[in-house]
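# Residue-level structural notes
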Amino acid sequence: MKRVFSGVQPTGNLHLGNYLGALKQFVELQEDHECIYCIVDMHAITVPQDPKELKSHILDVASLYLSVGVDPKKSIVFVQSDVPGHAELSWILTCCSYTGELSRMTQFKAKSHNKESAPTGLFTYPVLMAADILLYDTDVVPVGTDQRQHIELCRDLATRVNNTRKKTFVVPEGRYLKEGARIMALDDPTQKMSKSAENIHSRISLLDEPSKIKKSIMKATTDSEGIIRFDQENKPGISNLMNIYSVLSGKSLSDLEKEYEGKGYGDFKKDLVEITVDALAPFREKFEEIRYSEDLIRILKDGAERAGAIAEKTIARVKENFGLGL
Ligand code: AQP
């Protein structure tokens, strides 16, 4: 069975982009893969975090994994900082990476934009991500397309080490869905939907109340043409909404164009509200059951033990191949 690894940062409530780009794949893959899903809390501290809030977000994200259908009987679910191998391997890989390649990462450029100085962790974040993946001899990494550049760096680092030392790492493949791989912000469809964006109406969080979902969708930026037609370049707002509608309903984009011929954006948005509310309702219900149950901590501790056992073997092999330790 091929091994899958992926993670999400506990930087806020997960949104539709996180679900359609990543989590939906997590659930599908666990049927015929050995899956390891992590809450990457060490990535979250690359920007300042309130400790209490961070702890709470870790449990929120873990609960959301389970609420959308990640099954701890089939998949390992754990918190990154509970397995020390991530930090250990990250340092070793930092020594194999170059400042030039890290400064080309677009997410670093975006997050450090207009800042005089940026935290070093923000700069080396992609190396930690590579360590997360390589630690588990991962074959497949399900992510949204915003992570493509980081996956390529991970592959480069693995290949570089394999070519200069004994074969040490499995070189993983990114797995990107055709639809849903990049959901854009509702208020500005040129930016990706993001948990940490200031405007709460830029995103639909998986735990949003129906009234909030309605408000965000009805306010979503479109264009003045008023025709429901998919054209990402010239009509990014309505195209983004069509993309969301299509993935949630299973209807193709061309079927949507036919269905809404002669109708306005208002009609389209009203139907999208209904579809989104219905799609997210079961997640909210499940979340209430899981979030404060004792089972949650037990699942995460058990996951960390199982992940830790795999990680220890990789770290021993890496240390041996690098000549580290006794
Ligand atoms: N807009 C998106 N469309 C599709 N997929 C997305 N992902 C994130 N945004 C979108 C995918 O979700 C997974 C987890 O992402 P993350 O939380 O680890 O980091 P991120 O990409 O930085 O997500 P955010 O929401 O933008 O968080 P903040 O605001 O904290 O930086 C990844 O697989 C990602 O591709």
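Criteria and thresholds
Residues numbered from 1 in each chain as written. Predicted model: local features only at pLDDT ≥ 70, side-chain atom pairs only at ≥ 80, totals over all residues. Heavy atoms only, no water. Axes fitted to C-alpha atoms, helices over the stretch in contact; angles between N-to-C directions. Helix = DSSP H or I, 4+ residues; strand = E, 2+ residues; numbered from the N terminus. Parallel < 35°, antiparallel > 145°, perpendicular 65-115°, else oblique. Left-handed = near helix turned anticlockwise from the far one by under 90°. Contact = heavy atoms within 4.5 Å. Nonpolar A, V, L, I, M, F, W, Y, C, P; charged D, E, K, R; others polar. Expected span 1.5 Å × (residues − 1). Buried < 20%, exposed > 50% of the residue type's maximum accessible area, 1.4 Å probe, protein only. Arc of directions from axis to C-beta. Disulfide = S-S within 2.5 Å. Polar contact = N/O pair within 3.5 Å; in protein donor to acceptor, adjacent residues only side chain to side chain. Near = heavy atom within 4 Å. Areas by Shrake-Rupley, 256 points an atom, 1.4 Å probe, with all protein chains shown as cover.

Okay, the packing of helix H7 (residues 120–134) against helix H8 (residues 148–164) next. The geometry of H7 relative to H8 is characterised by a closest axis approach of 9 Å and an angle of 65° between their N-to-C directions. What the angle tells us is that H7 and H8 run roughly perpendicular. Handedness of the H7/H8 crossing: right-handed. Contacts between H7 and H8 involve Tyr125, Pro126, Val127, Met129, Ala130, Ile133 and Leu134 on the former and, on the latter, His150, Ile151, Leu153, Cys154, Leu157 and Ala158. Within the contact of H7 with H8, the residues separate by chemical class into 12 nonpolar, 1 polar and no charged.

On to helix H13 (residues 294–322). Between its first and last C-alpha atoms H13 spans 41 Å; for 29 residues at 1.5 Å apiece the expected length is 42 Å, and the two agree. Remark: Gly323 follows H13 within two positions and exhibits a positive phi of approximately 75°.

Let us look at helix H9 (residues 210–219). Those residues of H9 not exposed but buried are Lys212, Ile213, Ser216 and Ile217. Angular distribution of buried residues about the axis of H9 spans 125°; they occupy a single face of the element. Across from the buried face of H9, at angles greater than 90 degrees, the exposed residues are Ser211, Lys215 and Lys219. Where H9 is buried, its residues meet helix H12 (265–291).

Here we come to the state of the cysteines. Evaluated as defined, the whole model comprises 0 disulfides. Cysteine Cys96 remains unbridged, with the sulfur of Cys95 as its closest cysteine sulfur at 6.6 Å. Relative accessible area serves as the criterion here: at 12%, Cys96 is assigned to the buried category.

Time to look at the side chain of Ser97. If you trace the backbone, Ser97 turns up in the loop between helix H4 (85–94) and helix H5 (99–103). A polar contact is formed between the side chain of Ser97 and the backbone oxygen of Thr94, at a distance of 3.0 Å. Beyond its immediate stretch of four places on either side in the chain, Ser97 contacts Leu102, Val127, Leu157 and Arg160.

The subject of this paragraph is the site of the ligand. Asp146, Lys192, Ser194, Lys195 and Ser196 are the nearest of the 23 residues found near the ligand. A distance of 3.1 Å separates a nitrogen atom of the ligand from a polar backbone atom of Gly17. One of the side-chain N or O atoms of Asp146 is found 2.5 Å from an oxygen atom in the ligand. In isolation the ligand exposes 640 Å². Once the protein is present, 97% of that is buried. When contributions to the shell around the ligand are tallied by element, the ones reaching two or more residues are strand E1 (3–8) and helix H1 (16–29).

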